[in-house]
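Breakdown of the fold
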Amino acid sequence: QVQLVESGGGLVQPGGSLRLSCAASGTVFNIYDMGWYRQAPGKQRDLVATSTSGGITNYADSVKGRFTISRDNAKNTVYLQMNSLKPEDTAVYYCTVKTQSRSGRLYDEWGQGTQVIVSS
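Note that the structure is predicted; figures quoted are calculated from it, not measured.

**Looking at the overall build of the protein**
- Check the secondary structure of the protein and you find zero helices and eleven strands.
- Put simply, the protein runs from its N terminus to its C terminus through helices and strands in the order β-β-β-β-β-β-β-β-β-β-β.
- Against the 2.2 N^0.38 benchmark of 14 Å for 120 residues, the protein shows a C-alpha radius of gyration of 14 Å, consistent with a compact globule.
- For the protein, the spread of C-alpha atoms along the principal axes amounts to about 50 × 25 × 25 Å.
- Nonlocal contacts in the protein, meaning residues at least 24 apart in sequence, comprise 54% of its contacts between residues at least 6 apart.
- In the form shown here, the protein has an accessible surface area of approximately 6,300 Å², with 47% of it arising from carbon and sulfur atoms.
- If the 12 positive side-chain charges of the protein are averaged to one point and the 9 negative ones to another, these points end up 2 Å apart.

**Digging into the side chain of Thr114**
- Take Thr114: it is sitting in strand S11 (residues 114–118).
- For Thr114, a relative accessible area of 10% puts it in the buried group.
- Dropping the residues within four chain positions of it, Thr114 is found in contact with Glu6, Gly9, Leu20, Ala91, Val92 and Tyr93.

**Considering the packing of aromatic side chains**
- The tally for this structure, following the rule as stated, stands at one aromatic pair.
- For the ring pair Tyr37 and Trp110, a centre distance of 5.2 Å and an interplane angle of 65 degrees mean the geometry is edge-to-face. Linking Tyr37 in strand S4 (residues 31–39) with Trp110 in strand S10 (residues 106–110), this pair joins segments that are 73 residues apart in sequence.
- A cation sits over an aromatic face here: Arg45 above Tyr94, 3.6 Å from the ring centre.

**A few points about the nonpolar core**
- One finds Trp36, Val48, Phe67, Leu80, Met82 and Tyr93 to be the most contacted residues of the largest nonpolar core, which totals 28 residues.
- Of all elements in the fold, only strand S1 (2–7), strand S3 (18–26), S4, strand S5 (45–51), strand S7 (67–72), strand S8 (77–82), strand S9 (91–100) and S11 reach the threshold of two or more residues within this core.
- Residues contacting Leu80, with those up to four places away along its chain left out, are Leu18, Arg19, Leu20, Trp36, Val48, Ala49, Phe67, Thr68, Ile69 and Tyr93.

Cut-offs applied
- Residues numbered from 1 in each chain as written.
- Predicted model: local features only at pLDDT ≥ 70, side-chain atom pairs only at ≥ 80, totals over all residues.
- Heavy atoms only, no water.
- Helix = DSSP H or I, 4+ residues; strand = E, 2+ residues; numbered from the N terminus.
- Rg over C-alpha atoms; globule rule 2.2 N^0.38 Å.
- Contact = heavy atoms within 4.5 Å.
- Areas by Shrake-Rupley, 256 points an atom, 1.4 Å probe, with all protein chains shown as cover.
- Lys, Arg positive; Asp, Glu negative; His and termini not counted.
- Charge placed at Lys NZ, Arg CZ, Asp CG, Glu CD.
- Buried < 20%, exposed > 50% of the residue type's maximum accessible area, 1.4 Å probe, protein only.
- Phe/Tyr/Trp six-rings, centres within 6.5 Å; stacked < 30°, edge-to-face > 60°.
- Lys NZ or Arg CZ within 6 Å of the ring centre and 35° of its normal.
- Core = buried A, V, L, I, M, F, W, Y, C linked by side-chain atoms within 4.5 Å.

Here is the structure:
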């Protein structure tokens, strides 16, 4: 089974930057898509950015040009570089990976979330 451990969240002033990391550990057979979602208080969980195993990336319109998703396949790690942060970026950020079980079944695994607060 795969475990995801996120890090890098915290408190930052508007206009600042943060880099989130999410490392997959445990019994990892294959990792395909990797991505980040976020959930603000009282709102649904929304897509932030995704990266396919082939390197295709996708971003929410609200973060295009400010956030960059990247991955290190050798380390089973996905990153989210967040620049020019705004108060509306405040949320709990979750990483997710599409991976494969020992039997070959594909499933989505989620991290526990890391809090990002953008405030002066």
